[in-house]
Amino acid sequence: QVQLVESGGGLVQPGGSLRLSCAASGSIFSINHMGWFRQVPGKQRQLVAVEYATGGTTYADSVRGRFTLSRDNAKNTTYLQMNSLKPEDTAVYYCYSLIQTSAGWQYDYWGQGTQVTVSA
């Protein structure tokens, strides 16, 4: 089984910073895509940033230049550094990963979600 465990959310003032972490564990053969989505009540979950195994990273227009996605392959961990946070960034953030398991199957996996609240 594969599990994504995320952490790092919390309350921060506008202009502040947070770093989210997400560690994948279990019967992992390879991690192909890894990144973050976010969701606010009443709206669809939306892409924030995703890094692809083939290279390259996609950022939402609303976070480009403020958020930075990184990955530590040795630890099967992805990080989302969030700077210059705005109230509009308030959401539940979900780690996402496309993983090929040791059994040879690819699946989309999701973390449990962590709340990020940006407020004065």
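For the structure, check the block above.
Note that the structure is predicted; figures quoted are calculated from it, not measured. (Residues numbered from 1 in each chain as written. Predicted model: local features only at pLDDT ≥ 70, side-chain atom pairs only at ≥ 80, totals over all residues. Heavy atoms only, no water.)

> Sorry, what's going on with the packing of aromatic side chains here?
To describe a pair of aromatic rings, you give the distance between the ring centres and the angle between the ring planes. Counted under the stated rule, the structure contains four aromatic pairs. Their ring planes at 75° and their centres at 5.5 Å tell us that F37 and Y96 sit as a pair that is edge-to-face. One end of the pair, F37, is in strand β4 (residues 28-39); the other, Y96, is in strand β9 (residues 91-101), and 59 residues separate them in sequence. Pair check on accessibility: F37 and Y96 agree, each one buried. Classification of Y96 by relative accessible area gives buried; the value is 11%. What links up through ring pairs into an aromatic cluster is the set F37, Y96 and W110. Cation over ring: R45 sits above Y94, and NZ or CZ is 3.6 Å from the ring centre. (Phe/Tyr/Trp six-rings, centres within 6.5 Å; stacked < 30°, edge-to-face > 60°. Helix = DSSP H or I, 4+ residues; strand = E, 2+ residues; numbered from the N terminus. Buried < 20%, exposed > 50% of the residue type's maximum accessible area, 1.4 Å probe, protein only. Lys NZ or Arg CZ within 6 Å of the ring centre and 35° of its normal.)

> Honestly, the sheet that holds strand β3 (residues 18-26) in this entry has me stumped. Any pointers?
The strands that make up a sheet are held in pairs by hydrogen bonds between backbone atoms, and each pair lies either parallel or antiparallel. Taking strand neighbours across the sheet as the criterion, the four strands line up as β1-β3-β8-β7 in an open arrangement whose pairing is antiparallel. At either margin of the open sheet sits one strand with a lone partner, and together these are β1 (2-7) and β7 (67-72). Recorded for the sheet is a direction-independent mean angle of 15° between the axes of neighbouring strands. Where β7 and strand β8 (residues 77-82) come together, six bridges link them in antiparallel fashion. The residue bridging D72 from the neighbouring strand is T77, located in β8. (Pairing = 2+ DSSP bridges. Axes fitted to C-alpha atoms, helices over the stretch in contact; angles between N-to-C directions.)

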